[in-house]
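Here is what each chain is made of, one letter per residue.
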Amino acid sequence: MSIGEIIFLAFVGATAAASVWLAFARNLITAAFLLFAVLILVSGLYVFAGAEFLAMSQIIIYVGGALIVILFGVMLTGKLREHKPKSEMVNLLPGILVAAALMLALLFAIKESHVGQLVPNSIPLENNTEAIGREMLTNYLLPFELVSVLLLVVLAGAAYLSRKQKRNQGEVKP
Amino acid sequence: MNALEIYLAMGALLFCVGVFLILTRRNAIMALLGIELILNASNLNFVAFSNYVPGAMEGQMAALFVIVLAAAEVAVAFSIILTVYQRFKTVHLDEIDTMKE
């Protein structure tokens, strides 16, 4: 077992531990920080798969964007002056049964598909960022433009939805 | 058990934890965390398979677009949660039941 494999297994073990802890965390802040840990560890797993640009994009967009928005959500909707931000679990036994059954089905599919016989890529010929840039502007130009339109629509929609409402009998117009 | 199977098993674990979070939590923010975990699991599968097909960038491109869409979806979901909080003064999903009989 080379040192690279040991570090890879350490990343895998840490991600598994963080996600299982996140499943049973009752405090919202604990859950948000465990999601932070899972996102960074998954970004490390991307590096092991040869996707360095994607790993950096994951940290920038997910950790630096989506997680901050989630923390804002906890801060603004958690009523933090009265009590700790907690979230109880309901339907624990059916939830565990469904998740365990789903896990077993997925593991069975992984085993039965015999993907263990595939061979990993050798060291790629060109820089990963260059390859993604080239693909984005030639083969994936249409999704690129569509995503920019989508982001404009999301910006307008989110800004409109979270505008300050006038206090008229407590009614909120969507 | 080579590295590809470990990647897929890790993706399956993240997916199941995300489904478990959505099923068992009544706070809207925790359901959002579950959705993020599910999207990360699918991204992990994409990236793992892109490593095993020679010269193909489809897996990484798909994962990149999924990351962008997940960020957009978190923004919209957060604005919806804020609107619901302004109306109902809570984000506990059991107390938002005015559409029931």
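Residues numbered from 1 in each chain as written. Chains lettered and ligands numbered in written order. Predicted model: local features only at pLDDT ≥ 70, side-chain atom pairs only at ≥ 80, totals over all residues. Heavy atoms only, no water.

## Thoughts on the overall build of chain A
Regarding its fold elements, chain A presents six helices and zero strands. Rg of the C-alpha trace for chain A: 21 Å, well past the compact-globule value of 16 Å for 174 residues, more than 25% over. When its C-alpha atoms are laid out on the principal axes, chain A stretches across 65 × 45 × 30 Å. Within chain A, the proportion of its 174 residues that are buried is 32%. Partitioning the intrachain contacts of chain A with sequence separation of at least 6 by distance along the chain shows that 59% fall at a separation of at least 24. Split by element, the accessible area of chain A, about 10,900 Å² in all, is 72% carbon and sulfur. (Helix = DSSP H or I, 4+ residues; strand = E, 2+ residues; numbered from the N terminus. Rg over C-alpha atoms; globule rule 2.2 N^0.38 Å. Buried < 20%, exposed > 50% of the residue type's maximum accessible area, 1.4 Å probe, protein only. Contact = heavy atoms within 4.5 Å. Areas by Shrake-Rupley, 256 points an atom, 1.4 Å probe, with all protein chains shown as cover.)

## What to know about the interface of chain A and chain B
How big an interface is tends to be expressed through the accessible area that disappears when the partners come together. Listed per partner, the contact involves 84 residues of chain A and 69 residues of chain B. Summing the contributions of chain A and of chain B, the shared interface buries around 6,600 Å²; its carbon and sulfur component is 75%. Linking chain A with chain B are one salt bridge. The partner of A:Lys111 in a salt bridge is B:Glu5, and the shortest N-O contact between them spans 3.3 Å. Viewed at the interface, chain B and chain A are joined by ten residue pairs in polar contact (both at pLDDT 80 or more). (Buried area = accessible area lost by both parts, 1.4 Å probe. Salt bridge = Lys/Arg side-chain N within 4 Å of Asp/Glu carboxyl O. Polar contact = N/O pair within 3.5 Å; in protein donor to acceptor, adjacent residues only side chain to side chain.)

## Digging into the layout of surface pockets
The computed volume of the second largest pocket comes to approximately 320 Å³. Taken together, 19 residues make up the lining of the second largest pocket; nearest its centre are A:His83, A:Lys86, B:Asn27, B:Thr90 and B:His92. Of the residues in the lining of the second largest pocket, the class split is six nonpolar, seven polar and six charged. (1 Å grid on protein atoms, 1.4 Å probe; cavity = no way out; pocket = protein on both sides within 12 Å on 5 of 7 lines; lining within 4 Å. Points joined across faces, edges and corners; volume = space filled by probe spheres on them. Nonpolar A, V, L, I, M, F, W, Y, C, P; charged D, E, K, R; others polar.)

## A few points about unusual backbone geometry
Backbone geometry places A:Asn91, a non-glycine residue, at a positive phi of 50 degrees. A relative accessible area of 48% places A:Asn91 in the partly exposed class. With a phi angle near 60 degrees, B:Lys89 is a residue other than glycine that sits in the positive phi range.

## Comments concerning the pattern of salt bridges
Residues and elements named next belong to chain B. Tallied over the full model, the rule gives four salt bridges over all chains. When the shortest N-O distance is used, the salt bridge between Arg 26 and Asp 94 registers 3.5 Å. One end of the pair, Arg 26, is in the loop between helix H1 (3–24) and helix H2 (28–50); the other, Asp 94, is in the segment after helix H3 (58–88), and 68 residues separate them in sequence. A residue is classified by how much of its surface remains accessible, and Asp 94, at 41% relative accessible area, is partly exposed.

## Observations concerning the environment of B:Gly11
Residues and elements named next belong to chain B. Residue placement: Gly 11 occurs in helix H1. Looking at Gly 11, the relative accessible area reads 4%, which means it is buried. Sequence spacing of Gly 11 and Ala 48 is 37 residues, and the spatial spacing of their C-alpha atoms is 9.4 Å. Those residues in contact with Gly 11 that sit more than four places away from it in its chain are Ala 41, Leu 44 and Asn 45.

## Points about the packing of helix H6 (residues 141–161) of chain A against H3(B)
Across the interface, H6(A) lies against H3(B) with an axial gap of 9 Å and an inter-helix angle of 10 degrees. In terms of orientation, H6(A) lies roughly parallel with respect to H3(B). Seen from above, H6(A) lies across H3(B) with left-handed handedness. From H6(A), A:Pro143, A:Phe144, A:Val147, A:Leu150, A:Leu151, A:Val154, A:Ala158 and A:Leu161 reach across to H3(B), where they touch B:Phe65, B:Val68, B:Leu69, B:Ala72, B:Ala75, B:Val76, B:Ser79, B:Ile80 and B:Thr83. (Axes fitted to C-alpha atoms, helices over the stretch in contact; angles between N-to-C directions. Parallel < 35°, antiparallel > 145°, perpendicular 65-115°, else oblique. Left-handed = near helix turned anticlockwise from the far one by under 90°.)

## Overview of the confidence of the model for chain B
Scored by pLDDT, chain B comes out at a mean of 90, with 97% of its residues at no less than 70. For this predicted complex, the interface score ipTM comes out at 0.91, alongside a pTM of 0.90. (pLDDT = per-residue confidence, 0-100.)

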